[in-house]
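Tertiary structure, described
What follows is each chain in one-letter form.
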Amino acid sequence: MPRAPNYDLHCHSTASDGLLAPAELVARAAANGVEILALTDHDEIAGLAEARARARDIGLRFVDGVEVSVSWGGITIHIVGLNIDPASARLQQGLQAIRQGRTERAKKMAQDLARVGIPGSLEGAYAYVDNPNLIGRTHFARFLVEKRYVNDVKSAFQHYLVSGKPGYVPHEWATLQDGLAYIKAGGGMPVLAHPGRYKLTRSEMRKFLGEFKDGGGTGIEVVTSSHSAEQYLEYAILAREFGLLASRGSDFHGPGESRIDLGMLPDLAADLKPVWHDW
Ligand code: AMP
Ligand code: MN
Ligand code: MN
Ligand code: MN
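Conventions and cut-offs
Residues numbered from 1 in each chain as written. Chains lettered and ligands numbered in written order. Predicted model: local features only at pLDDT ≥ 70, side-chain atom pairs only at ≥ 80, totals over all residues. Heavy atoms only, no water. Helix = DSSP H or I, 4+ residues; strand = E, 2+ residues; numbered from the N terminus. Contact = heavy atoms within 4.5 Å. Expected span 1.5 Å × (residues − 1). Polar contact = N/O pair within 3.5 Å; in protein donor to acceptor, adjacent residues only side chain to side chain. Donors = N, O, S within 2.8 Å, 3.2 Å for Na, K, Ca; no water. Buried < 20%, exposed > 50% of the residue type's maximum accessible area, 1.4 Å probe, protein only. Axes fitted to C-alpha atoms, helices over the stretch in contact; angles between N-to-C directions. Parallel < 35°, antiparallel > 145°, perpendicular 65-115°, else oblique. Nonpolar A, V, L, I, M, F, W, Y, C, P; charged D, E, K, R; others polar. Near = heavy atom within 4 Å. Areas by Shrake-Rupley, 256 points an atom, 1.4 Å probe, with all protein chains shown as cover. Domains from an automatic or database assignment.

**Description of the side chain of Arg102**
Its location among the elements puts Arg102 in helix H3 (residues 89-115). Residue contacts for Arg102: discarding those within four places in its chain leaves His42, Asp43, Ser69, Leu134, Ile135, Gly136, His171 and Trp173.

**Section: H3**
For H3, built from 27 residues, the straight-helix expectation of 39 Å at 1.5 Å per residue is met to within 8% by its first-to-last C-alpha distance of 40 Å. For H3, the N-terminal capping position is held by Ser88, with its side-chain oxygen 3.4 Å away from the main-chain nitrogen of Arg90. Gly117, located one to two residues past H3, shows a positive phi value of around 90°.

**Some points on the coordination of the manganese ion (ligand 4)**
The protein atoms that coordinate the manganese ion (ligand 4) are His10 (NE2), His12 (NE2), Glu67 (OE) and Asp251 (OD), at distances of 2.0 to 2.2 Å. Written as a sequence motif, the donor arrangement for the manganese ion (ligand 4) is H-x1-H-x54-E-x183-D. The distance between the manganese ion (ligand 4) and the manganese ion (ligand 2) is 4.7 Å. Residue His10 is located in the loop between strand S1 (7-8) and helix H1 (22-31), and its partner Asp251 is located in the segment after strand S8 (245-249); the two are separated by 241 residues in the primary sequence. You'll find His10 and Asp251 in the same group, each marked buried.

**Quick word on the packing of helix H5 (residues 137-146) against helix H6 (residues 153-161)**
One can describe the packing of H5 onto H6 by two numbers: an axis separation of 9 Å at closest approach and a directional angle of 105°. For the element pair H5 / H6, the angle class is roughly perpendicular. Here H5 contributes Arg137, Thr138, Phe140, Ala141, Arg142, Leu144 and Val145 to the contact with H6, which in turn contributes Val153, Ala156, Phe157, Tyr160 and Leu161. By residue class, the composition of the contact of H5 with H6 is 9 nonpolar, 1 polar and 2 charged.

**Regarding the coordination of the manganese ion (ligand 3)**
Listed as protein donors to the manganese ion (ligand 3) are Glu67 (OE), His78 (ND1) and His194 (NE2); their distances from the metal cover 2.1 to 2.2 Å. In primary-sequence terms, the residues that donate to the manganese ion (ligand 3) follow E-x10-H-x115-H. The manganese ion (ligand 2) is placed at 5.7 Å from the manganese ion (ligand 3). Of the two residues, Glu67 is situated in strand S3 (residues 61-72) and His78 in strand S4 (residues 75-82); the sequence distance between them amounts to 11 residues. His78 matches Glu67 in its accessibility class, with the two residues each being buried.

**Comments concerning the side chain of His78**
For His78, a relative accessible area of 13% translates into the label buried. A polar contact of 2.9 Å, which involves the side chain of His78, links it to the side chain of Glu67. Those residues within four positions of His78 in sequence are excluded, and the remaining contacts are His42, Glu67, Val68, Ser69, Val191, Leu192, Ala193, His194 and Tyr198.

**Focus on the site of ligand 1**
Every residue close to ligand 1 is listed here: Asp17, His42, Arg102, Arg105, Gly136, Arg137, Thr138, Phe157, Arg197 and His253. One nitrogen or oxygen atom from the side chain of Arg102 is found 2.8 Å from an oxygen atom belonging to ligand 1. Between ligand 1 and Arg105, the relevant distance is 2.6 Å, taken from an oxygen atom to a side-chain nitrogen or oxygen of the residue. About the coverage of ligand 1: the protein hides 79% of its 500 Å² of free accessible area. Classifying every residue of the shell around ligand 1 by side-chain character gives 1 nonpolar, 4 polar and 5 charged. Domain assignment of the residues forming the shell around ligand 1 places at least three in each of domain 1 (7-96 + 175-249) and domain 2 (102-161).

**Notes on unusual backbone geometry**
Despite not being glycine, Asp43 has its phi angle at roughly 50°, a positive value. The buried category is assigned to Asp43, whose relative accessible area is 0%. Although it is not a glycine, Asn83 sits at a positive phi angle of roughly 55°. Considering the arrangement of structural elements, one finds Asn83 in the loop between S4 and H3.

Structure follows, in structure tokens:
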């Protein structure tokens, strides 16, 4: 049987919390055998033009993407938008508002960290920020590693940056309805990112998927670096049951920080209808 084309539809550049510039990311993807790449920075589309230009130069197919942060039922959920229109004013304004919220959250995170004896984290995190409009927890994590409070980014999250820890600040992102609307405003396809990462019971996940579909959500990541082999099966079952298109994306952030490199995930199960079936 011929191999499926190598699609990687989820990754991050320095326009959000990735370590590689958009053009470098595209070159790495091509070197890894990726044939169709989507750049999906958190709440930001500023890296797309550079990525698209490099992809054109080296003959890689490029998909304009974004990963939108939304709040639903008290938790944060990420919705990837594929084939979005970067020129959409609705999309641009929606993302701008989410980024503004990130800037305010960052100040509160720094105050929290200062209270537990970690000074200078706002400036320290911004030292890792390439795009001044987009700051996230990963930038704080890199600062905490640099100052030896922890040994690696993963531990920075475990000890400081997740719910219940001193650097964690609860945050209201966009609503699910608005996040879906931003993606669809440009004609994009909303895809639920890494469903296995959310602290939802099975019945809560089903409730979410119902609302997601009702709001125009059409896809679900089945094969992502966040999932175990068992979860590939678990979310394939949900994709079939809910009639959602299946996606494959590494969620690559950078060499040394990501478990799985661009384009290196297993293929989707052959019977799943992929997000790219009519591209
Ligand atoms: P934010 O959107 O700023 O709240 O940060 C979310 C980002 O933090 C994710 O996209 C990951 O890049 C990173 N992240 C979240 N949890 C972890 C973790 N346990 N280990 C490493 N990185 C994480
Ligand atoms: Mn990230
Ligand atoms: Mn995510
Ligand atoms: Mn991501």
